[in-house]
Amino acid sequence: MTDAAELRRRTHEFLAAHPPATTGRLEFLRARFDAGLAWVHFPEGLGGLGAPRSLQAVVDAGLEAAGAPDNDPRRIGIGLGMAAPTILQYGTEEQKRRFLKPLWTGEEVWCQLFSEPGAGSDLAALGTRAVREGDEWVVNGQKVWTSSAHVARWAILIARTDPDVPKHRGITYFLCDMTDPGVEVRPLRQITGEAEFNEVFLTGVRIPDAHRLGEIGDGWRVAQTTLNNERVAIGGMRIPREGGMIGPVSRTWRERPELRTHDLHQRLLTLWVEAEVARLTGERLRQQLVAGQPGPEGAGMKLAFARLNQAISGLEVELRGEEGLLYDDWTMRRPEKVDFTGRDAGYRYLRSKGNSIEGGTSEVLLNIVAERVLGLPAEPRTDKDVAWKDLAR
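Residues numbered from 1 in each chain as written. Predicted model: local features only at pLDDT ≥ 70, side-chain atom pairs only at ≥ 80, totals over all residues. Heavy atoms only, no water.

Let us look at the packing of aromatic side chains. Summed over the entire model, instances satisfying the criterion amount to 11 aromatic pairs. Residues F114 and Y173 carry aromatic rings whose centres are separated by 5.9 Å and whose planes lie at 90° to one another, so their mutual orientation is edge-to-face. With F114 in the loop between β1 (110-113) and β2 (129-133) and Y173 in strand β5 (residues 171-177), this pair connects stretches of sequence that are 59 residues apart. Given a relative accessible area of 0%, Y173 falls into the buried group. An aromatic cluster is built from F33, W39, F42 and W104, whose rings are joined through pairwise contacts. The ring centre of F201 lies 4.0 Å from the NZ or CZ of R186, which sits over that ring. (Phe/Tyr/Trp six-rings, centres within 6.5 Å; stacked < 30°, edge-to-face > 60°. Helix = DSSP H or I, 4+ residues; strand = E, 2+ residues; numbered from the N terminus. Buried < 20%, exposed > 50% of the residue type's maximum accessible area, 1.4 Å probe, protein only. Lys NZ or Arg CZ within 6 Å of the ring centre and 35° of its normal.)

What follows deals with the pattern of salt bridges. Tallying each qualifying case throughout the model produces 39 salt bridges. R10 is paired through a salt bridge with E6; the nearest N and O atoms lie 3.0 Å apart. With R10 and E6 both in helix α1 (residues 4-17) and four residues apart, the pair spans about one turn of that helix. For D72, the salt bridge goes to K337, with nearest N and O atoms at 3.3 Å. Here the residue D72 occupies a position in the loop between α3 (56-65) and α4 (77-90), and K337 occupies one in the loop between α9 (297-320) and α10 (345-351), the gap between them amounting to 265 residues. What makes K337 partly exposed here is its relative accessible area of 33%. One network of salt bridges, in which partners are shared, links R256, E258, E316, R320, E323 and R348. (Salt bridge = Lys/Arg side-chain N within 4 Å of Asp/Glu carboxyl O.)

For the rest of this paragraph, the subject is the side chain of T11. Note that T11 resides in helix α1. Taking the relative accessible area as the measure of exposure, T11 reaches 4% and is therefore buried. A polar atom in the side chain of T11 sits 2.8 Å from the backbone oxygen of L7. Apart from residues no more than four positions distant in its own chain, T11 is found in contact with L37, V59, G62 and L63. (Polar contact = N/O pair within 3.5 Å; in protein donor to acceptor, adjacent residues only side chain to side chain. Contact = heavy atoms within 4.5 Å.)

This part covers the environment of R279. Residue position: R279 is located in helix α8 (residues 262-289). Taking the relative accessible area as the measure of exposure, R279 reaches 17% and is therefore buried. Here the alpha-carbon distance between R279 and T252, two residues 27 residues apart in the chain, equals 21 Å. Excluding residues within four positions of it along the chain, R279 makes contact with I239, P240, R241 and R286.

A word on the pairing of strand β4 (residues 154-160). One face of the sheet, then the other: side chains in a regular strand alternate in exactly this way. Burial within β4 is extensive, with seven of its seven residues counted as buried. Neither face of β4 is open: one carries W154, I156, I158 and R160, the other A155, L157 and A159, and all of them are buried. Looking at chain direction, β1 and β4 are connected through four bridges and run parallel. Across the sheet, residue C111 finds its bridge partner in β4, namely A155. The sheet contact formed by β4 and β5 spans seven bridges and is antiparallel. Across the sheet, W154 pairs through a bridge with D177, a residue of β5. (Pairing = 2+ DSSP bridges.)

Here it is as structure tokens:
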């Protein structure tokens, strides 16, 4: 049984054998994975030790105190938060050993090919087709709002493999090599001036059946694992008190007394308390993960994340007055990682508008909370038993 004391010992021995000051970053990360200290709750041989998830904090604290490099989790968040748990649950042993290590070390960046121009909120209506030809699948279609596609080596992809059954039942889940012929990535410029999102066009892309994740036609169930983990990854990020959006506006309030008004004070106090409640709720959600897979509660955290970010960034712009209307740089850039709180107040205000869309729209998440958390009756669905090919489009 691996306990905290055992993990401290292992971490100490690992640091003695791989001193951060003299060990190359990638060499250190690969060795950490092999030692089972990457994500301790994963199985042995796959970066873990089969230990309780809660003990990861013991390892992280010891490594951080020693000045060890991390794997830049913000840059590889899709791989860590969405692809890895799905591969772990549904992947073959060969798939787990091939993909998890370079995913965790950051040698291979991942993106998510789910949403389509005609299938965003209603993701199960997706029309990207995958047709079997021997031991390969030929994929044709278009995906949209794909973060990090311009730097990704691999993608998690869902495509329709059977148009003759209802929309939720004819989907299959694949691992797609973004360097394969037929994969085209085009930037989508956002209101911030950046293009962290992309369109992805798939034309005759051949994916070996060995890169199918889960059973044929079972892609919707596999995708639910990804989506549940995505919501937790976005809405349940571990942050310190006054971390996230509430941090910059709180600092401005303390440092710029000339900007204060009674009304803004009352609004800031309310949002500060709500942000702290959300932070503590996120801690509780992460503790629940120790006992199993994430559930629909992550949808509630994602909802709170989006609403608070938009309200807080709006208050910051008001607090700064004319300064809040300034914007530092409209240059078209394609960043390697998403920064919800970076740059200036104007950037934070504009970037937060996407928080209620990405990772599941707030409207869809409200339905999930209503039906799967509160147990309210489901909305009527007239297309539930209709074959996908017969749906109106």
